[in-house]
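Geometric and topological summary
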2 protein chains.
Amino acid sequence: MFEIVKPNEIEKKSFEIITSELGGRTFAPEIEPIVKRVIHTSADFDYADNLVFTEGAVPRALEALKHGAHIVTDTTMAMSGINKRTLAALGGEVHCFIGDEDVAQQAKERGVTRSMVSMEKAAAMEVPLIFAIGNAPTALISLCELMDRGAVSPELVIGVPVGFVNVVESKELVLEHEVPAIVARGRKGGSNVAAAIVNALLYQVRQREGF
Amino acid sequence: MFEIVKPNEIEKKSFEIITSELGGRTFAPEIEPIVKRVIHTSADFDYADNLVFTEGAVPRALEALKHGAHIVTDTTMAMSGINKRTLAALGGEVHCFIGDEDVAQQAKERGVTRSMVSMEKAAAMEVPLIFAIGNAPTALISLCELMDRGAVSPELVIGVPVGFVNVVESKELVLEHEVPAIVARGRKGGSNVAAAIVNALLYQVRQREGF
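Here is a short report on the structure shown in this document.

Thresholds, definitions, all that
Residues numbered from 1 in each chain as written. Chains lettered and ligands numbered in written order. Predicted model: local features only at pLDDT ≥ 70, side-chain atom pairs only at ≥ 80, totals over all residues. Heavy atoms only, no water. Axes fitted to C-alpha atoms, helices over the stretch in contact; angles between N-to-C directions. Helix = DSSP H or I, 4+ residues; strand = E, 2+ residues; numbered from the N terminus. Parallel < 35°, antiparallel > 145°, perpendicular 65-115°, else oblique. Left-handed = near helix turned anticlockwise from the far one by under 90°. Contact = heavy atoms within 4.5 Å. Nonpolar A, V, L, I, M, F, W, Y, C, P; charged D, E, K, R; others polar. Phe/Tyr/Trp six-rings, centres within 6.5 Å; stacked < 30°, edge-to-face > 60°. Buried < 20%, exposed > 50% of the residue type's maximum accessible area, 1.4 Å probe, protein only. Pairing = 2+ DSSP bridges. Disulfide = S-S within 2.5 Å. Right-handed = clockwise from strand over helix to strand, strands pointing away. Least-squares fit on C-alpha atoms with pLDDT ≥ 70 in both. Expected span 1.5 Å × (residues − 1).

All names here are of chain B. Their axes nearest at 9 Å, the elements helix α4 (residues 57–66) and helix α11 (residues 191–209) cross at an angle of 70 degrees. The angle between the axes of α4 and α11 places the two elements in the roughly perpendicular class. Seen along the crossing, α4 lies across α11 with a hand that is right-handed. Residues V58, A61, L62, L65 and K66 of α4 lie in contact with α11, whose contacting residues are L201, L202, Q204, V205, R208 and E209. When grouped by side-chain class, the residues that make up the contact of α4 with α11 number seven nonpolar, one polar and three charged.

Quick look at the structure:
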């Protein structure tokens with residue numbers, strides 16, 4: 001019943017199937033592994049159409065990761081899915097402030113979401129930052145406001161929240177900004193998708209650096 | 001541009017949209033909140049058709065959770081997405097052994113996946129268990145082998161690995177067993193889906209118990 005495939009060959013074979021089912025579709029060389037990894041993590045070929053990459057976003061992100069950029073996520077789930085060993089080898093770290101006591105306290109006092117406050121906390125860090133937002137549109141909206149007032153200048157915004165309320169609009173808002181961005185247009189996305197995009201970037205840097 | 005929706009009303013509104021877009025489709029009362037929460041977590045209405053519930057699986061799982069059943073996941077990502085506060089209030093805990101040193105060591109020695117060994121380690125726990133598998137078909141296959149030889153008798157198997165190699169078959173294998181199961185037929189699924197199903201069960205118990 002089961003095809004005998006060695007553990008380390010499963011991913012290779014999966015990517016071959018994805019390539020085959022994408023038919024003749026072509027992507028820019030630095031974008032292709034990202035699209036394929038998102039499909040690999042979701043089994044959802046809609047992402048071949050949904051994913052939008054702003055001009056030069058991927059090369060800049062690869063360069064930032066190579067020089068130790070840190071990652072900020074909006075959920076512990078996205079943080080959990082990121083390959084921290086590869087990130088650490090490049091000098092990076094991943095942060096998620098959503099569960100912090102001071103964030104919860106401030107959100108309560110101000111009547112806003114913890115996602116919003118966690119973005120403000122992240123923006124205060126003085127290192128090059130890549131934001132990977134897979135859940136909360138309010139995180140993305142807050143991030144745009146922070147950019148508008150010059151409080152943060154991300155190396156990349158991965159905008160892939162999922163859902164039905166303010167999600168579509170929050171992604172379009174990112175695309176209206178000048179920031180380098182990777183966005184999953186529409187309702188789909190998720191913490192798993194956010195982590196997959198970060199990992200696809202990390203593996204490209206790893207391959208180029210030969211470790 | 002954005003509809004002003006208070007944080008705690010976003011989920012309510014999302015579920016209303018999902019209900020509306022499901023049109024006249026009806027589900028058994030204990031199944032409906034599970035299907036809707038999976039769609040809420042993925043924005044993917046395919047799950048209205050993909051999800052399969054074996055006879056009596058949900059009532060038994062609710063009863064088990066009420067009495068403090070523990071959850072076992074195959075990834076830290078699924079573990080991270082589960083509402084641990086609600087689970088703890090019922091006396092339960094969540095376990096994921098995939099990163100354990102002894103699991104890695106044994107997998108290497110035996111030339112099998114860490115997922116497989118992590119299931120064996122979980123099966124040895126002497127508490128009522130719900131398995132939530134969102135990533136590794138080998139975890140699901142291993143679990144079926146453990147059931148075949150009477151080494152474990154789960155209260156519920158949530159079989160929702162995602163992917164292209166052995167995934168579809170591993171889910172059908174679960175459905176051939178007598179075990180209570182919730183399965184996402186086909187390629188789709190994921191750690192986020194596994195966590196969403198666990199949470200939908202937990203929230204049903206919480207509502208019934210009135211806390």
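Moving on to the interface of chain B and chain A. Taken together, the contacts link 39 residues of chain B with 39 residues of chain A. Put simply, the parts of the chain that give the side of chain B that touches chain A at least two residues each are α1 (7–21), α2 (32–42), α5 (76–81), α10 (167–175) and α11 of chain B. If one sorts the elements of the side of chain B that touches chain A by residue count, α1 of chain B sits on top with seven residues. The class makeup of the residues in the side of chain B that touches chain A is 17 nonpolar, 13 polar and nine charged.

Take the packing of aromatic side chains next. Scanning the model with the defined rule gives two aromatic pairs over all chains in all. Judged by centre distance (6.0 Å) and plane angle (85 degrees), the ring pair of F45 of chain A and F164 of chain B falls under edge-to-face. A residue pair is termed interchain when its members come from two chains, as with F45 of chain A in the loop between α2 (32–42) and α3 (47–50) and F164 of chain B in the loop between β5 (156–159) and α10. Owing to a relative accessible area of 22%, F45 of chain A belongs among the partly exposed residues under this scheme. For F164 of chain B, a relative accessible area of 10% corresponds to the buried category.

Now for the side chain of H70 of chain B. Looking at the element boundaries, H70 of chain B is found in strand β2 (residues 70–73). For H70 of chain B, the contacting residues outside a window of four places in its chain are G91, G92, E93, H95, V127, P128, L129 and I130 of chain B.

Note on sheets: strands pair through backbone hydrogen bonds, and any given pair is parallel or antiparallel. Residues and elements named next belong to chain A. A sheet is described by the order of its strands in space; here six strands give the open sequence β1-β6-β5-β4-β2-β3, paired in mixed fashion. Two strands in the sheet have a free side with no partner beyond their single neighbour: β1 (51–53) and β3 (94–95). The pairing of strand β5 (residues 156–159) with strand β6 (residues 181–184) spans three bridges and is classified as parallel. Within β6, the residue paired with V157 across the bridge is A181. Here helix α10 (residues 167–175) sits on the sheet in contact with β1, β5 and β6, set at roughly 155 degrees to β6. The sheet strands contacting helix α11 (residues 191–209) are β1, β2 (70–73), β4 (129–133), β5 and β6, and the helix crosses β5 at an angle near 145 degrees.

Within the secondary structure, I197 of chain A sits in helix α11. Along the primary structure I197 of chain A and V38 of chain A are separated by 159 residues, whereas in three dimensions their C-alpha atoms are 6.6 Å apart.

For the rest of this paragraph, the subject is the state of the cysteines. By the definition in use, this model includes zero disulfides over all chains. C96 of chain A takes part in no disulfide bond, and the closest cysteine sulfur, belonging to C96 of chain B, lies 18 Å away. Left without a disulfide partner, C144 of chain B is nearest to the cysteine sulfur of C96 of chain B, which lies 18 Å away. When its relative accessible area of 1% is taken as the criterion, C144 of chain B is described as buried.

Residues and elements named next belong to chain A. Burial analysis of β4 places five of its five residues in the buried class, which makes it a mostly covered element. Burial along β4 is two-sided: the face carrying L129, F131 and I133 and the face carrying I130 and A132 are both buried. The sheet contact formed by β4 and β5 spans four bridges and is parallel. Bridge assignment links I130 to a residue of β5, and that residue is L156. This β-α-β element, β4 to helix α9 (residues 137–148) to β5, shows right-handed connectivity.

This part is about the packing of helix α7 (residues 101–110) of chain B against helix α8 (residues 114–123) of chain B. Residues and elements named next belong to chain B. Where α7 meets α8, the axes come as close as 8 Å, and the angle between the chain directions of the two elements is 125 degrees. Considering their axes alone, α7 and α8 lie oblique with respect to each other. For the element pair α7 and α8, the recorded crossing hand is right-handed. The residues of α8 that touch α7, namely those facing D102, V103, A104, Q106, A107 and R110, are R114, V117, S118, E120 and K121. Here the contact of α7 with α8 is built from residues that sort into four nonpolar, two polar and five charged.

Time to look at the relation of the copies chain B and chain A. Relative to chain A, chain B is turned by 180 degrees and slid 0.0 Å along the rotation axis, the superposed coordinates differing by an RMSD of 0.0 Å. Both copies are brought into coincidence by an operation consistent with a two-fold rotation axis. Closest approach to the rotation axis within chain B is made by the C-alpha atom of M77 of chain B, at a distance of 2.6 Å. In this assembly the copies share their binding face: 100% of the residues contributing to the interface of chain B also contribute to that of chain A.

Residue and element names in this part refer to chain A. Taking 1.5 Å of rise per residue, 19 residues should cover 27 Å, and α11 covers 27 Å from first to last C-alpha, within 8% of that figure. Counting buried positions along α11 yields 15 of 19 residues, so the element is predominantly enclosed. G210, located one to two residues past α11, shows a positive phi value of around 70 degrees.

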